[in-house]
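Now for the letters of each chain:
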Amino acid sequence: MKTILSLSPAAQMETECLVAVVLDKAEKDKTEAYVSSGDKSVQKSAADLISAGDITGKTFEVAWLHKPDGLKAKRLLLIGGGKTKKFSASDLRKLAGAAVRALKPRTLRSLAFVLPGEIPAEEAVKAVVEGAIVGNFDPDTYKSDRKDQNVESLTVVATNNDDRTKLQRALDEALILAESQNLTRELVNEPSNRMTPTILAERAEQMSKETGLKCEVYGADKIKELKMGAFWGVAQGSDEPPALIVMRYEPAGAPEKPVLGLVGKGVTFDTGGISIKPADNMEKMKYDMAGGATMIGAMRAISLLKPKIKVIGIVCATENMPSGKAQKPGDIQTAMSGKTIEIINTDAEGRLVLADGLCYARQLGCTHLIDAATLTGAVVVALGYANAGIFSSDDAMYQRFAAALDKAGEKMWRLPLDDEYKDQIKSSIADIMNTGGRWGGAITAAMFLKEFAEDTPWIHLDIAGTAWMEDNKPWIAKGPSGIAVRSLVQFAREFGS
Ligand code: BES
Ligand code: MN
Ligand code: ZN
């Protein structure tokens, strides 16, 4: 989507659709709706719709007006943003997405979004651009009667009191972030026959070439040479070759330390292996590479936004298949770190590939680690679809990440990593086992990973419930969400400043 910044009066916008936010400034049950913009002409055009109660400011409520008096726009779209007191940049991001998604089926191709006065202009520009680009994405690639309904151009309408340079920078950055998030979504959306580990690696290489990252891709030989017994244990059962993808961002002038390691689970299809999953919903396991795709999207944005910090992205890509060569329950694998793992359930494969990914990141010199993975069904039981699970061995690092989440408008809820849980993954025959029983499954999975992050400050994101939207929302299509990309990039930028 082409994005343009304009500081001209909203009334002068020649556009198919001018969008303005309506808020409600009354307390509790009362309503007192108004257009959230200082622009008198927009206020005037909207006055009748508001006084008639056609729009009251309720969140995502919409009202359309054709040939609005006093405006050059062909239409005015008013969209409700809720109570003024509660209105945040995160709400605005969703409204921009909802506006774009309202335009798409109407075959409208351009809009101009009037920034609401309630949010500081830079933040508002960022929210509108991110929301609009994320909202523009639809996952219906393989429908042969697919109509391209994408909105082609967005004008962000600020006021002439605003600082053009700062707003243009905010717009450019938001564009990079949102397009990177959409890259992640595009990769996650592909089915496993069109997104094998090899293809995922090619996509990472292509992205790296485009943005100037170093990218190396290793196959089975290197995985075995590195003694990644846990990763290989999963990969050995598949005819599709695995890929160990390493993307390096090493900007000139960055300090030697810290080095941030971003490690993603790239299981391009998870059948469960010999501990095979039931047929119901198994098709969804094509999104089990979402953690890996998240890191590819994040590395793209980091490479383009250029924070002064070294970042290494690692994706452990493989299928998890049953076969005559597949690992079996009871098998013991020796991980790269030397720890031995008793495989209780071959469906707990994500922690195995990440164990070696984390160890490798440490070997490459990472001083701080973040992994992202669709790791457990248990995190969905615990937190549902609204929050991802976040775990950390380091409070200071967690605090920094929590601040990044807030800025990015993403939601994650911290779960514990107390030593008491360690007993659940003790094995009688090896150092550790790969499942921890029925209770606290998201936590015992994280405890397993902690054994491989060792004393390196580390954050684990379990995105099993959040990487895939189960339903269409007003602001985002059903399907891959691209969760965590924006927060990871925000974290890296703050960490490097
Ligand atoms: N990829 C799954 C987790 C998952 C579940 C992702 C639902 C997305 C939606 C993971 O590899 C898995 O199978 N986990 C098992 C672990 C169990 C065997 C200990 C699970 O959660 O059931
Ligand atoms: Mn599994
Ligand atoms: Zn899995």
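Described below are features of the structure shown in this document. All figures in this text were calculated on a predicted structure; none of them were measured in a lab.

The rules behind each value
- Residues numbered from 1 in each chain as written.
- Chains lettered and ligands numbered in written order.
- Predicted model: local features only at pLDDT ≥ 70, side-chain atom pairs only at ≥ 80, totals over all residues.
- Heavy atoms only, no water.
- Helix = DSSP H or I, 4+ residues; strand = E, 2+ residues; numbered from the N terminus.
- Rg over C-alpha atoms; globule rule 2.2 N^0.38 Å.
- Buried < 20%, exposed > 50% of the residue type's maximum accessible area, 1.4 Å probe, protein only.
- Areas by Shrake-Rupley, 256 points an atom, 1.4 Å probe, with all protein chains shown as cover.
- Expected span 1.5 Å × (residues − 1).
- Arc of directions from axis to C-beta.
- Contact = heavy atoms within 4.5 Å.
- Donors = N, O, S within 2.8 Å, 3.2 Å for Na, K, Ca; no water.
- Tetrahedral: all angles 85-135°; square planar, octahedral: opposite > 155°, others 65-115°.
- 1 Å grid on protein atoms, 1.4 Å probe; cavity = no way out; pocket = protein on both sides within 12 Å on 5 of 7 lines; lining within 4 Å.
- Points joined across faces, edges and corners; volume = space filled by probe spheres on them.
- Nonpolar A, V, L, I, M, F, W, Y, C, P; charged D, E, K, R; others polar.
- Near = heavy atom within 4 Å.
- Polar contact = N/O pair within 3.5 Å; in protein donor to acceptor, adjacent residues only side chain to side chain.
- Sits in = over half its atoms within 2 Å of the grid points.
- Salt bridge = Lys/Arg side-chain N within 4 Å of Asp/Glu carboxyl O.

Some words on the overall build of the chain
Then, in step 1: In terms of regular secondary structure, the chain is built from 13 helices and 20 strands.
Then, in step 2: A compact globule built from 497 residues would reach a C-alpha radius of gyration of about 23 Å, and the chain, at 24 Å, matches this within 12%.
Then, in step 3: The buried share among the 497 residues of the chain stands at 60%.
Then, in step 4: When the accessible surface of the chain is split by element, carbon and sulfur atoms take 48% of a total near 20500 Å².

As for helix α5 (residues 197-211)
Then, in step 1: Helix length check: α5 (15 residues) gives 21 Å between terminal C-alpha atoms against 21 Å at 1.5 Å per residue, within 8%.
Then, in step 2: For α5, the full list of buried residues reads Pro 197, Leu 200, Ala 201, Ala 204, Met 207, Ser 208 and Thr 211. Viewed end-on, α5 has its buried residues packed into an arc of 125°, placing them on one side of the element. Away from its buried face, by an angle of more than 90 degrees, α5 presents the exposed residues Lys 209 and Glu 210.
Then, in step 3: Considering only its buried residues, α5 is in contact with α4 (164-189), β8 (214-218), β9 (243-249), β10 (259-270), α8 (290-305) and β11 (310-320).
Then, in step 4: Positioned one or two residues after α5, Gly 212 has a phi angle of 85°, which is positive.

A look at the coordination of the manganese ion (ligand 2)
Then, in step 1: Only Asp 270 (OD), Asp 347 (O), Asp 347 (OD) and Glu 349 (OE) from the protein reach the manganese ion (ligand 2) as donors, at distances of 2.0 to 2.2 Å.
Then, in step 2: Taken together, the six donor atoms coordinating the manganese ion (ligand 2) and their angles of 69 to 165° define a geometry best described as irregular.
Then, in step 3: Going along the chain, you hit the donors of the manganese ion (ligand 2) in the pattern D-x76-D-x1-E.
Then, in step 4: Between the manganese ion (ligand 2) and the zinc ion (ligand 3) the interatomic distance comes to 3.1 Å, and Asp 270 is a ligand of both metals. With a gap of 79 residues between them, Asp 270 in strand β10 and Glu 349 in the loop between β13 (340-342) and α9 (350-363) connect regions that are remote in the sequence. When sorted by exposure, Asp 270 lands in the same class as Glu 349, which is buried.

Points about empty space enclosed by the protein
Then, in step 1: A full pass over the atoms with the stated rule returns one cavity of 30 Å³ or more.
Then, in step 2: Counted as a void, the largest cavity has a volume near 40 Å³.
Then, in step 3: Forming the walls of the largest cavity are Gly 233, Val 234, Gly 237, Gly 273, Ile 274, Asn 320, Met 321, Ala 326, Gln 327 and Thr 346.
Then, in step 4: A per-class count over the lining of the largest cavity returns four nonpolar, six polar and no charged.

Regarding the site of ligand 1
Then, in step 1: Taken together, the neighbourhood of ligand 1 is formed by 16 residues, with Lys 277, Asp 288, Asp 347, Glu 349 and Gly 377 sitting nearest.
Then, in step 2: A distance of 2.9 Å separates an oxygen atom of ligand 1 from a polar side-chain atom of Asp 270.
Then, in step 3: For ligand 1, the protein covers 77% of the area, taking 520 Å² as the surface of the free molecule.
Then, in step 4: More than half of the atoms of ligand 1 fall within 2 Å of the grid points belonging to the second largest pocket.
Then, in step 5: Classifying every residue of the shell around ligand 1 gives four nonpolar, five polar and seven charged.

Brief notes about the environment of Ser 90
Then, in step 1: With respect to the secondary-structure elements, Ser 90 resides in helix α2 (residues 89-103).
Then, in step 2: According to the relative accessible area criterion, Ser 90 is partly exposed, its value standing at 27%.
Then, in step 3: Residues Ser 90 and Asn 136, spaced 46 residues apart in sequence, show a C-alpha to C-alpha distance of 17 Å.

A look at the layout of surface pockets
Then, in step 1: Considered as a void within the structure, the largest pocket measures approximately 1200 Å³ in volume.
Then, in step 2: Residue lining of the largest pocket: 42 residues in total, with Ser 90, Arg 93, Gly 409, Glu 410 and Arg 486 positioned closest to the centre.
Then, in step 3: Secondary structure elements with two or more residues in the lining of the largest pocket: α2, α3 (121-136), α4, α11 (395-408), β19 (468-469) and α13 (485-495).
Then, in step 4: Residue contributions to the lining of the largest pocket peak at seven residues, all from α3.
Then, in step 5: For the second largest pocket, the calculated volume is near 830 Å³.

A word on the pattern of salt bridges
Then, in step 1: By the definition in use, this model includes 28 salt bridges.
Then, in step 2: Its salt-bridge partner being Lys 126, residue Glu 130 comes within 3.2 Å of it at the nearest N-O pair. Within this pair, Glu 130 and its partner Lys 126 are both found in helix α3, separated by four residues, close to a single helical turn.
Then, in step 3: The buried category is assigned to Lys 126, whose relative accessible area is 17%.
Then, in step 4: Beyond isolated ion pairs, a larger network of salt bridges with shared partners links Arg 93, Lys 126, Glu 130 and Arg 486.

Examining the environment of Val 156
Then, in step 1: Mapped onto the secondary structure, Val 156 falls in strand β7 (residues 153-157).
Then, in step 2: Placed 30 residues apart in sequence, Val 156 and Glu 186 show a C-alpha to C-alpha distance of 25 Å.
Then, in step 3: Every residue in contact with Val 156, bar those within four places of it in the chain, is listed here: Ile 4, Leu 5, Ser 6, Phe 113, Leu 115, Val 125, Val 128, Val 129 and Leu 171.

Side note on the coordination of the zinc ion (ligand 3)
Then, in step 1: Here the zinc ion (ligand 3) is held by the protein donor atoms Lys 265 (NZ), Asp 270 (OD), Asp 288 (OD) and Glu 349 (OE), which lie 2.0 to 2.4 Å from it.
Then, in step 2: Its six donor atoms give the zinc ion (ligand 3) angles of 78 to 174° at the centre, a pattern that matches the octahedral case.
Then, in step 3: The sequence pattern formed by the donor residues of the zinc ion (ligand 3) is K-x4-D-x17-D-x60-E.
Then, in step 4: Judged by its relative accessible area of 2%, Asp 288 falls in the buried class.
Then, in step 5: Since its relative accessible area comes to 1%, Glu 349 is described here as buried.

Some thoughts on unusual backbone geometry
Then, in step 1: A cis amide bond links Lys 257 with the next residue in sequence, Pro 258, at an omega value of -5°.
Then, in step 2: In this fold, Pro 258 is placed in the loop between β9 and β10.
Then, in step 3: Of note in this structure, Lys 28 is not a glycine but carries a positive phi near 40°.
Then, in step 4: A positive phi angle, close to 90°, is found at Ala 484, a residue other than glycine.

Keep in mind that these numbers describe shape and distance, not what the molecule does.
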